[in-house]
Amino acid sequence: MKHIINSILLTAFCVAVVTGCSSGKQVDTSKAASNTGETLAQGEDNFNADITVVQALDMVSFDPVQSSDMSNVYTLANLYSRLFRYSENLGADNELCKEYERVSDTEWHFKIWENVKCHDGSILTTDDVVYCLQRAKESSIMTALFAPVESIEKLDDVTISITTSSPYPSLPTALTNVATSIVPKAYCEQAMASNDWSKPIGSGRYRFESRVIGDTIKFSRFDEYFDPDDMALNQSLTIKVIPEGTARTIAIETGAADFNAEFAAADYARVVDNQDLKLWEKDSQMVWHLGMDNTAQWFDNNLVRQAVNYAVDRDSCLQVGYEGLGKVVYNCATFAPTVMGAVENPLDMYSYDPAKAKALMEEAGCPGFSTQLIVFRDEAERMATVVQANLADIGISAEITRIENAVFPSYIAEHKAPMFITSWGCYGDPDLFLGRRFTEAGYGGVNRVWYTNPELDAMIVEGRSHFEEAERIPVYQKIQEFMAVEAPEADLFVSKTLALSNNRLKGVELNAERASNYYKLHY
């Protein structure tokens, strides 16, 4: 940690001092000043600053179908356009899609912007859109999300049609997923053939400049972005990877960076009264959970999984992991309290009850066993020490193993993570995560607990068969009660979304998952 902090303290961070626009989002880049001391008129916003954002983990790949890890999602959002981007509550806001219409219960039409220019000068077409959505449909990330999708077709130069096998009210929100990012077909085919995505091309608000793996990704504003009223409000964006939480805080304190997108809750007391800093927080839909490989010995028994749910002290996990900044939940299906139809403790089944946990272990005929508990973040590692002690009380000896986030998917795929602690930012519509997390369609994607049940599959289909929430909510409540008994995982708490900046930075936005829309950051 000392080495990291010293490196940050030695970093010089310079904000380009320029003359910019005084109002509106349309950016005048013709008046950018060099670092010669020229200043802005008092009260004017500076839309030509160089912004540095720090985050905990490096991105995984510029190939949008390779990873839905948050570090990847929020990096690629700067480079590629999607038909829709996340809204504040993880719904769908129009982006590349200019307008859309549901023409029947099973057919949707989406019109894109005309003459969309890509970073290489080519024009994005509906052929590119259809190609990328078809590629997404075939990926493990989208198998469940696009399960109802039967066809994706070009209707004309600006319109595509998506047909589903049954009503799919969540389709626009499904199209916010990172895997649906639109990449020019010619570049995509070239990158796939060469297995080289190191010089990505998109049509987003920034063009790619450079990357140092494990350290920085640099972007510059794309001045020919298709929507002139929603361009990047800064001249360049650098995303810097700093794994250690306090080191990210120091980067803001010293001016080495402008914005900490993943503020460590452990530093809350340190910064909350600092007048030079601004602490941003928002209630989130980020569910921290203890996962179990439901195919592993003993974890294939729902009585043992129920025992784990009773054994874990969620309040202590919240305190140790997030300084108490969140809300404990007793769910087993990754429902945040704000999700449609959410029930915080289905059947009023769970509490911290080690005696009940021991009784269930005995009922299951389980004498106790040894296992591994996989983590790849600081917060999860702290929580793991609590969970480890809780499990020891009921005869489960868990060895904590920390890995890199980039190899976590392979640990899941190879059944090398019998237990793990991670987080999941859930959509407001359960249909967008239940199939991905708890059906066979999610294998190889984010069904990390390897759980599947035909009864659940049928209920998921039932839940999406209506457009009216009043008809869907009872289905999702029934699902949560079913999953409480099945107990494929132990949800722990929903954390606050936290971010940190200096007190001069403008344009900060937090959604229900994390800090977002870096393109709006400016001075």
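Every chain is numbered independently, its residues counted from 1 as its sequence is written. Two thresholds apply to this predicted model, a pLDDT of at least 70 for residue-level local features and 80 or more for giving and counting side-chain atom pairs, whereas whole-chain, interface and lining totals are computed over all residues. The basis for the side-chain values is all heavy atoms of the structure; hydrogens and waters are excluded.

- The name given to the chain in an unreviewed UniProt entry is Solute-binding protein family 5 domain-containing protein, with [Clostridium] citroniae WAL-17108 as the source organism.
- Per UniProt, the chain carries the Sequence similarities (unreviewed entry) text "Belongs to the bacterial solute-binding protein 5 family." UniProt positions are given in the numbering used here, feature names are shortened, and annotations may be inferred rather than shown by experiment.

## Some remarks on the pairing of strand β8 (residues 149–156)
Item 1. At least two DSSP bridges between two strands are needed for those strands to be called paired. A run of H or I in DSSP counts as a helix once it spans at least four residues, and a run of E counts as a strand once it spans at least two, with each numbered from the N terminus. The sheet contact formed by β8 and strand β9 (residues 159–164) spans 6 bridges and is antiparallel. Across the sheet, the residue bridging to Val 149 is Thr 164, located in β9.
Item 2. Adjacent in sequence and paired antiparallel, β8 and β9 are bridged by 2 residues.

## Some remarks on the environment of Ala 265
Item 1. Tracing the chain through its elements places Ala 265 in the loop between β13 (259–260) and α7 (268–271).
Item 2. Taking C-alpha positions, Ala 265 is 25 Å from Asn 345, a pair spaced 80 residues apart along the chain.
Item 3. Any two residues whose heavy atoms approach within 4.5 Å at even a single point are treated as in contact. Not counting the four nearest positions on each side in its chain, Ala 265 is found in contact with Tyr 322, Glu 323, Leu 325 and Leu 498.

## Remarks on the packing of aromatic side chains
Item 1. Here is the rule: rings of Phe, Tyr and Trp (six-membered ring for Trp) pair when centre to centre is within 6.5 Å. Planes less than 30 degrees apart are stacked, more than 60 are edge-to-face, and the remainder are tilted. Taken as a whole, this structure holds 25 aromatic pairs when the rule is applied.
Item 2. Aromatic side chains Trp 288 and Tyr 322 sit 6.1 Å apart centroid to centroid with 55° between the ring planes, which places their arrangement in the tilted category. Of this pair, Trp 288 sits in strand β14 (residues 277–292) while Tyr 322 sits in helix α9 (residues 314–322); the two residues are 34 residues apart in sequence, bridging distant segments of the chain. There is no split in this pair, since Trp 288 and Tyr 322 are both buried.
Item 3. Arranged with centres 5.4 Å apart and planes meeting at 80°, the rings of Phe 299 and Phe 369 form a pair that is edge-to-face. One end of the pair, Phe 299, is in the loop between β14 and α8 (302–311); the other, Phe 369, is in strand β16 (residues 369–375), and 70 residues separate them in sequence.
Item 4. Members of the aromatic cluster, each reached through a chain of ring pairs, are Phe 62, Tyr 206, Phe 208 and Phe 219.
Item 5. We note Arg 205 situated over the ring of Tyr 519; from NZ or CZ to the ring centre the distance is 3.8 Å. Exposure is judged per residue with a 1.4 Å probe applied to protein chains only, and the accessible area is read against the type maximum: over 50% gives exposed, under 20% gives buried, and values in between give partly exposed. We call a charge positioned above a ring when the Lys NZ or Arg CZ atom is no farther than 6 Å from the ring centre and deviates by at most 35 degrees from the ring normal.

## Notes on the UniProt feature "domain: Solute-binding protein family" (unreviewed entry) in the chain
Item 1. Sequence positions flagged by UniProt for "domain: Solute-binding protein family" (unreviewed entry) are, in local numbering, residues 96–442.
Item 2. Within the segment residues 96–442, helix and strand shares are 27% and 27% respectively, and the terminal C-alpha atoms sit 27 Å apart.

## A few points about the packing of helix α14 (residues 454–464) against helix α15 (residues 469–486)
How two helices sit against one another is set out by the angle between their axes and by the gap between those axes.
Item 1. Lines fitted to C-alpha atoms define the axes here, with helix axes fitted over just the stretch in contact, and angles between the N-to-C directions of these axes take values from 0 to 180 degrees. The interhelical angle for the contact between α14 and α15, taken along N-to-C directions, is 160°, at an axis separation of 8 Å. Between α14 and α15, the interaxial angle falls into the category roughly antiparallel. Crossing geometry of α14 relative to α15 is assigned as left-handed. Contacts between α14 and α15 pair Glu 455, Leu 456, Met 459, Ile 460, Glu 462, Gly 463 and Arg 464 from the former with Arg 472, Val 475, Tyr 476, Lys 478, Ile 479, Phe 482 and Met 483 from the latter.
Item 2. Put simply, Ala, Val, Leu, Ile, Met, Phe, Trp, Tyr, Cys and Pro go in the nonpolar bin, Asp, Glu, Lys and Arg in the charged bin, and everything else, Gly too, in the polar bin. Here the residues of the contact of α14 with α15 sort into 8 nonpolar, 1 polar and 5 charged. Oblique is the label for any angle not covered by the other classes, which are roughly parallel (under 35 degrees), roughly antiparallel (over 145) and roughly perpendicular (65 to 115). Helix crossings get a hand from a simple test, with the near helix turned counterclockwise from the far one by less than a right angle marking a left-handed crossing and a clockwise turn marking a right-handed one.

## Considerations on the sheet that holds strand β4 (residues 97–104)
Item 1. With antiparallel pairing, 4 strands are arranged side by side in an open sheet as β4-β5-β9-β8. Only two strands of the sheet have a single neighbouring strand rather than two, namely β4 and β8. In this sheet, neighbouring strand axes are inclined to one another by 20° on average, regardless of whether the strands run parallel or antiparallel.
Item 2. Across the face of the sheet, helix α3 (residues 126–137) comes into contact with β5 (107–112), β8 and β9 while running at roughly 170° to β8.

## Examining the domain arrangement of the chain
Item 1. Domain segmentation is taken from an automatic or database assignment of domains. Parsing the chain into structural domains produces domain 1 (62–192), domain 2 (204–281 + 496–518) and domain 3 (283–494).
Item 2. Here domain 1 and domain 2 have C-alpha centroids that lie 26 Å from each other.
Item 3. Interface area, domain 1 with domain 2, both sides summed: about 2,100 Å², of which 58% is carbon and sulfur.
Item 4. If you sort the residues of domain 1 by the area they bury against domain 2, Tyr 74, Asn 78 and His 119 come out on top, with a joint share of 31%.
Item 5. Salt bridges are defined as contacts in which a side-chain nitrogen from Lys or Arg sits within 4 Å of a carboxyl oxygen from Asp or Glu. Summed over the shared surface of domain 1 and domain 2, the number is 3 salt bridges.
Item 6. A salt bridge links Glu 95 to Arg 205, with the shortest nitrogen-to-oxygen separation between them at 2.9 Å.
Item 7. Any pair of N or O atoms that falls within 3.5 Å is considered a polar contact. Within protein, one atom must be able to donate a hydrogen and the other to accept it, and sequence-neighbouring residues count only if both atoms are side-chain atoms. Connecting domain 1 to domain 2 are 11 residue pairs in polar contact (both at pLDDT 80 or more).
Item 8. Breaking the side of domain 1 that touches domain 2 down by element, the ones donating at least two residues are α2 (70–76), β2 (84–86) and β6 (116–117). Accessible area that two parts lose when put together, with a 1.4 Å probe and added across both, is what the buried area reports.

## What to know about the pairing of strand β1 (residues 50–55)
Item 1. Most of β1 is tucked away: 5 of the 6 residues are buried.
Item 2. Here β1 pairs with strand β12 (residues 236–241) via 6 bridges, running parallel. Its bridge partner being in β12, Val 54 is matched across the sheet by Lys 240.
Item 3. Bridge count for β1 against β13 is 2 bridges, and the pairing is parallel. Across the sheet, Val 54 pairs through a bridge with Asn 260, a residue of β13.

## Topic: the nonpolar core
Item 1. Grouped together as the largest cluster of nonpolar side chains are 136 residues, with contacts concentrated most on Leu 83, Phe 259, Leu 290, Ile 421 and Tyr 518.
Item 2. Put simply, a nonpolar core is a bunch of buried Ala, Val, Leu, Ile, Met, Phe, Trp, Tyr and Cys residues held in one set by side-chain atoms that sit within 4.5 Å of each other. In this structure, Tyr 411, Trp 424, Val 449 and Met 459 belong to the second largest nonpolar core, which totals 35 residues.

## Digging into α9
Item 1. Among the residues making up α9, those that are buried are Arg 314, Cys 317, Leu 318, Gly 321 and Tyr 322. Seen along its axis, α9 keeps its buried residues to an arc of 100°; they face one direction.
Item 2. Of the surrounding secondary structure, the elements contacted by the buried residues of α9 are β14, α8, β15 (326–328), α11 (378–392) and β19 (489–502).
Item 3. In this structure Asp 313 caps α9, since a side-chain oxygen of it lies 3.3 Å from the backbone nitrogen of Asp 315.
Item 4. Immediately beyond the C-terminal end of α9, within one or two residues, lies Glu 323, with a positive phi of roughly 55°. Taken from the helix axis, the directions to the C-beta atoms give the arc we talk about.

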